[in-house]
Amino acid sequence: MAFTGLLKGSSFGRRLGDFQGRSVLVAPRDQLTAALAMIELDGIARRLVICPSDVPPDHLRAIVATAEVDAIVSDCGTPDPEALGIPLHIRCSTALAAQDEFPAASRRTEWVLLTSGTTGVPKLVAHDVASLTAPIKAGAGAPVWGTFYDIRRYGGLQIFFRAVVGGGSLILSSAGEPVAEHLARLAARGVTHLSGTPSHWWRVLMGQAAQAIAPRYVRLSGEIAGQAVLDNLRAAYPRAGLGHAYATTEAGVGFEVDDGLEGFPAHFVAAGDGDVDIRVEDGSLRLRSARTASGYVGTGAPALLDQNGFVDTGDMVERRGARYYFVGRKDGIINVGGLKVHPEEVEAVINRHAGVQGSLVKARKSPITGAIVVADVVLKESPDGRDAGPLTAAMEREIIDICRRDLAPYKVPAAIRFVPALPMSAAGKLLRHG
Amino acid sequence: MSIQLTVFSEIEKIAAQHHKKLAPLSGDTVLMDSGLDSLCFAVLVARLEDQLGVDPFSTSEEVSFPVTLGDFVRVYENAAK
């Protein structure tokens, strides 16, 4: 659908004015309907809470209270406004109703996004259209964007704005759609630019349908991109541009790396990106720019910016030569008798075993060292039948041997559990409990 | 396998993996002199929890860390009851 339809019509059937000055929960199930609502409400509502459809009910209650929501937009019966205590409920539809006069859109509307990547109640991050569109430079051509994300999370919203502001088009993702069908749909629409997390891209690479598409530009963001996924994408799409963007919901888009290597060049720090100031302090990456959120919503919420306006991303980096590498989340560090372990480092070593598809390393409480390292491992092929027990035991020994070879003793998992799959969020990220 | 055998067997595996020289194992072996360090003990307790289904050091606040290997095995035998 073309958004120019909104110049003469409304998805709210003449009730757009009712939203003046309100804090609106934007909760249609359908992404396109949500997109229309966001465009129409900007400048009219005082606050938009952008709500993906996978938020559990008790989180919703907390979000509604913190954001002082007094209106809800939806396209069906859920979520239930009465259950949430929201007085005003207006339906929104992609069938635009003709309208000649529109209320003045003069407010600086606060766009509230939810953080993703942990299993706790999401934090509410306050942006506006200025900070959200700051990273976007109008380009030439009319790219056809596709994304694996939901556009109601920061990564997907960036792609949405790129298409809307940059004069291209966007093929939306569809929740629960199998990868092969999604790729077929993207191919049918002539996708040229495609964005996803490394986890999304691994699913594409490991399925059979990677060659269904021929993108001009492959983009990764949302999780740290390791060398393995970059190399595999380069091999799968040799003629495409390959870029990974560092961005968080709080800090916005920090920088983009297009040399095909993991990490980022050391000269980004101090020189920055032009628009973004980049620092490393106490080993963690800090960003300052017009793209960052202004803060968290809610009394008692932690301060987002330090006294110099920098956001601490919580991503730990290490300099080796002329490059910085990501070594893990500050809040994921496992403390084994005073010695620090980054789960990501151990996962990278476990994943070197040819039979391993993926791993998730966690802390287990230890009465002796405080915590100890344990790992859940997914095998490419699970042994079955009579030999399953001994084969799995042999795998476990081999994995431990690789860890002993490449890691200090306190980083080696004390126990390995084989699991059928690793938990992944709807946002396409490996879920660590946080 | 008896609890004692399980414990002894895990200790031997861990010592081998961590390249530790083990003292001869008996009920009277003093744990601090066994050749295992605190990391080895942390791994041992985790492995025994997976094998025996119990970590007596986390579930009971009364348990002080045992002195000998015999005391250690008895802690697990008591927890299994």
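Definitions and cut-offs
- Counting from 1, residues in each chain are numbered in the order their sequence is written.
- By the order in which they are written, chains take letters starting at A while ligands take numbers starting at 1.
- Two thresholds apply to this predicted model, a pLDDT of at least 70 for residue-level local features and 80 or more for giving and counting side-chain atom pairs, whereas whole-chain, interface and lining totals are computed over all residues.
- Only DSSP runs of H or I with at least four residues qualify as helices, and only runs of E with at least two residues qualify as strands; both kinds are numbered from the N terminus onward.
- The quantity called the radius of gyration is restricted to C-alpha atoms. Its globule counterpart is 2.2 Å times the number of residues to the power 0.38.
- Exposure criterion: with C-beta atoms placed from backbone coordinates, a residue whose C-beta has 20 or more other C-beta atoms within 10 Å is buried, one with 12 or fewer is exposed, and one in between is partly exposed.
- We call two residues in contact whenever the C-beta atoms placed from their backbones are within 7 Å.
- All residues other than Ala, Val, Leu, Ile, Met, Phe, Trp, Tyr, Cys, Pro, Asp, Glu, Lys and Arg, Gly among them, are scored as polar; the first ten of these are nonpolar and the last four charged.
- In this description, strands pair whenever DSSP reports at least two bridges between them.
- Domain boundaries shown here were taken from an automatic or database domain assignment.
- For helices, the fitted line uses only the C-alpha atoms of the stretch in contact; every axis is such a line through C-alpha atoms, and the angle between N-to-C directions lies from 0 to 180 degrees.
- Should an angle lie under 35 degrees it is considered roughly parallel, over 145 roughly antiparallel, and from 65 to 115 roughly perpendicular; all remaining angles are considered oblique.
- By definition, any crossing whose near helix is turned counterclockwise from its far helix by less than a right angle is left-handed, and any crossing with a clockwise turn is right-handed.
- A residue's pLDDT is the predictor's confidence in that residue, given on a scale from 0 to 100.
- Residue count minus one, scaled by 1.5 Å, sets the expected span of a helix.

### What to know about the overall build of chain B
- Each helix and strand counted, chain B has 4 helices and 0 strands in total.
- In terms of C-alpha radius of gyration, chain B reaches 12 Å, essentially the compact-globule figure of 12 Å for 81 residues.
- When its C-alpha atoms are laid out on the principal axes, chain B stretches across 30 × 25 × 25 Å.
- Here chain B holds 81 residues, and the buried ones make up 23% of them.
- Contacts spanning at least 24 positions in sequence make up 59% of the contacts within chain B whose residues lie at least 6 apart.

### Digging into the overall build of chain A
- For chain A, the count of helices and strands is 11 helices and 25 strands.
- Expected size for 434 residues packed as a compact globule is a radius of gyration near 22 Å; at 23 Å, chain A falls within 12% of this value.
- Along the first, second and third principal axes, the C-alpha atoms of chain A reach 70 × 50 × 50 Å.
- The buried share of chain A, taken over its 434 residues, is 41%.
- Long-range pairs, those at least 24 residues apart, make up 64% of the contacts in chain A with a sequence separation of at least 6.

### Brief notes about the environment of Pro383(A)
Residues and elements named next belong to chain A.
- Within the fold, Pro383 resides in the loop between strand S24 (370-379) and helix H11 (388-406).
- Separated by 14 residues in the primary sequence, Pro383 and Thr369 place their C-alpha atoms 34 Å from one another.
- With near-sequence residues (within four places) excluded, Pro383 lies in contact with Ala388, Leu391 and Thr392.

### Topic: the interface of chain A and chain B
- In this complex, chain A contributes 15 residues to the contact, which on the side of chain B involves 13 residues.
- Residue assignment for the side of chain A that touches chain B shows that the elements contributing at least two residues are strand S23 (356-366), S24 and H11 of chain A.
- By residue class, the composition of the side of chain A that touches chain B is 9 nonpolar, 3 polar and 3 charged.

### Quick notes on the pairing of strand S3 (residues 47-50) of chain A
All names here are of chain A.
- Of the two faces of S3, the one holding Arg47 and Val49 and the one holding Leu48 and Ile50 are both buried throughout.
- When strand S2 (residues 23-26) meets S3, the two strands line up parallel, connected through 4 bridges. What sits directly across from Ser23, in S3, is Arg47.
- One ladder, built from 3 bridges, connects S3 with strand S7 (residues 110-114); its direction is parallel. Paired with Val49 across the strands is Val112, a residue of S7.

### Some details on the domain arrangement of chain A
- When cut into domains, chain A gives domain 1 (3-131), domain 2 (138-330) and domain 3 (333-418).
- For domain 1 of chain A and domain 3 of chain A, the distance between their C-alpha centroids amounts to 44 Å.

### Quick notes on the sheet that holds strand S10 (residues 169-171) of chain A
Residue and element names in this part refer to chain A.
- The 6 strands lie next to each other as S10-S9-S11-S12-S13-S14, forming an open sheet whose pairing is mixed. The open sheet terminates on both sides in strands that have one partner only, identified here as S10 and strand S14 (252-257). Direction aside, the axes of adjacent strands within the sheet are offset by 25° on average.
- Pairing analysis gives 4 bridges linking strand S11 (residues 193-196) to strand S12 (residues 217-220), with the strands arranged parallel. Paired with Leu194 across the strands is Val218, a residue of S12.

### Some points on the packing of helix H1 (residues 3-17) of chain B against helix H2 (residues 38-52) of chain B
Residue and element names in this part refer to chain B.
- Close contact between H1 and H2 brings their axes to 10 Å; oriented N to C, the two are set at 135°. Classified by the angle their axes make, H1 and H2 are oblique. Every pair of crossing elements has a handedness; the one defined by H1 and H2 is right-handed. Residues Ile3, Thr6, Val7, Glu10, Ile11 and Ile14 of H1 form the contact with H2, whose participating residues are Cys40, Val43, Leu44, Arg47, Leu48, Gln51 and Leu52.
- Looking at side-chain class alone, the contact of H1 with H2 contains 9 nonpolar, 2 polar and 2 charged residues.

### Examining the confidence of the model for chain A
- The pLDDT averaged across chain A works out to 90; a share of 98% of its residues lies at or above 70.
- Predicted confidence in chain A is weakest over strand S6 (residues 97-98) of chain A, with a mean pLDDT of 78, and strongest over S3(A), with 97.

### Quick look at helix H5 (residues 154-165) of chain A
Residues and elements named next belong to chain A.
- In this model, H5 (12 residues) spans 16 Å end to end at C-alpha, consistent with the 16 Å of a helix rising 1.5 Å per residue.
- Most of H5 sits inside the fold, with 9 of its 12 residues counted as buried.
- For H5, the set of buried residues is Tyr154, Gly155, Gly156, Leu157, Gln158, Ile159, Phe160, Arg162 and Ala163.
- Of the residues one or two after H5, Gly167 is the one with positive phi, at around 75°.

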